[in-house]
Amino acid sequence: MPEDVLMDNSAMNDCVILREFSTACGRRFGHATLNAPKSLNALSLAMIDRLAPQLDAWAADPGIVGVLLDGAGEKAFCAGGDVAALYHAIKAMPEGEAPPEAAAFFEREYRLDHRIHTYPKPVLCWGQGIVMGGGIGLMAGSSHRVATPTTRMAMPEITIGLYPDVGGSWFLRRMPGRTGLFLALTGAPLNAADARFAGLADFVIGDAERERLPALIAETRWDAPDVPGRANHARLGALLDRLGESAAVPDSPLRAHFDRIEALIGHDGLADIAARLTALAEDADPWLAAAGKTFARGAPSSAHLSWALWQRTRHLSLAEVFRTEYHVSVAATAHGDFAEGVRALLIDKDHQPRWRYATLDAVPDEAVEDHFKPRYGGPHPLADLG
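Residues numbered from 1 in each chain as written. Predicted model: local features only at pLDDT ≥ 70, side-chain atom pairs only at ≥ 80, totals over all residues. Heavy atoms only, no water.

Undergrad: So what exactly am I meant to see when it comes to the overall build of the protein chain here?
TA: Along its length, the protein chain carries 17 helices and 10 strands. Its C-alpha atoms give the protein chain a radius of gyration of 21 Å, within 12% of the compact-globule value 21 Å for 386 residues. Structurally, the protein chain occupies a C-alpha span of about 65 × 50 × 40 Å along its principal axes. Taking contacts inside the protein chain between residues at least 6 apart in sequence as the whole, the part at least 24 apart equals 73%. As displayed, the protein chain has an accessible area near 15600 Å², and 53% of this comes from carbon and sulfur atoms. Taken together, the 37 basic and 49 acidic charged side chains of the protein chain have centroids lying 2 Å from each other. (Helix = DSSP H or I, 4+ residues; strand = E, 2+ residues; numbered from the N terminus. Rg over C-alpha atoms; globule rule 2.2 N^0.38 Å. Contact = heavy atoms within 4.5 Å. Areas by Shrake-Rupley, 256 points an atom, 1.4 Å probe, with all protein chains shown as cover. Lys, Arg positive; Asp, Glu negative; His and termini not counted. Charge placed at Lys NZ, Arg CZ, Asp CG, Glu CD.)

What follows is the structure, encoded as structure tokens:
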């Protein structure tokens, strides 16, 4: 990607490549590239700790007018958090205890996600290829979110004994109708058109346009960051609109099946929803049938967590959502299903998880409630957010 690089304090093997390039008005854009293509740019604590302070520095720099965030390689922007590292930390602890590494990871990841949601300057996230879990957390908060014809999004946490975190309890609630709860329970995959319909992307642009994006940004005249209003946000939006004019936009299964999804989720209880989703596995439509099968194979405890968060976070602020998710995520590392799900999918790869509770009915209320209890003394680690 050709750029007039003014700053590059990273070697190519660093986990996040940090650069700056100049623009026509003499101001600069920051450019951060997640750089772990072999792991599909899975988000590690080292990546978070490299990216977060640089975002703070760029926010405070009067010469920086915006930030471009992308991932190395063509296959993925970010395939999720580094859950394999969390698995090993969990297994090193006595059963039933949350490892300190989990508390550190979730605190710093959610702090970074919140920072992007509230960033004072435009953040353009180029979400090509695979975008899951922690990758959605980075993209969801960006002011200008680009999906491409290769974008494949998903929140499949039910398959690893977790739930859609990284602010999922915030943005799932803001999707059309009750599609957010459907996605949380089924992990259904989303293409670029689905992402735009769901509110996870703002633009659909051809993958090849990524090569000339920095040059187009560089040719644009930007206001100084302290100029009142959101003129720079509008300029970047207009630039991306032009880039997307000729993009090949796929059909959206999520939009096509919206009325069906509304009926499937309904307005009754989790047990009734579960019966309908389980029956969906035999549906003639392959996208819906796959969603039903994923739900049926997923962790019953995860379904309960997604349901509980859907009920409890409706009126919470963004900061309150991250504080709630911190409790639930740390607690999940002390319960057994998260580690078991990661083992089955990524460690042993036998795809045969042995969930602690075999059915929804077997999950006790106290087990769900335990996820919402703090596992620390003193103030909340994210008390200062918002």
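Undergrad: Can you help me understand the side chain of His114 in this one?
TA: Inspection of the secondary structure assignment puts His114 in helix 3 (residues 100-117). Among residues more than four places away in sequence, those in contact with His114 are Leu318, Ala319, Phe322, Leu385 and Gly386.

Undergrad: Is there a simple way to explain the sheet that holds strand 5 (residues 76-78) in this structure?
TA: Backbone hydrogen bonds hold the strands of a sheet together, and the pairing may be parallel or antiparallel. Read from one edge of the open sheet, three strands run 5-7-9, paired in parallel fashion. One side of each edge strand has no neighbouring strand; the edge strands of this open sheet are strand 5 and strand 9 (152-154). Neighbour to neighbour, the strand axes of the sheet diverge by 15° on average, direction disregarded. In this structure, strand 5 lies alongside strand 7 (residues 130-132), joined through two bridges in parallel fashion. Residue Cys78 lies in a different strand from strand 7, and its bridge partner there is Val131. (Pairing = 2+ DSSP bridges. Axes fitted to C-alpha atoms, helices over the stretch in contact; angles between N-to-C directions.)

Undergrad: I tried to follow unusual backbone geometry on my own but got confused; where do I start?
TA: Note: most peptide bonds trans; most residues except glycine with negative phi. Backbone geometry at Leu40 places phi at a positive 55°, although glycine is not the residue there. If you trace the backbone, Leu40 turns up in the loop between strand 3 (28-34) and helix 1 (45-60).

Undergrad: When you look at the pairing of strand 8 (residues 144-147) in this model, what are you seeing that I'm missing?
TA: Consecutive side chains of a regular strand alternate in pointing toward one face of the sheet and then the other. Side chains of strand 8 alternate between two faces, with His144 and Val146 and Arg145 and Ala147 buried alike. With four bridges joining them, strand 6 (residues 123-127) and strand 8 adopt parallel strand pairing. Paired with Cys125 across the two strands is Arg145, which belongs to strand 8. Examined bridge by bridge, strand 8 and strand 10 (residues 203-204) share two bridges and lie parallel to one another. What sits directly across from Val146, in strand 10, is Phe203. (Buried < 20%, exposed > 50% of the residue type's maximum accessible area, 1.4 Å probe, protein only.)

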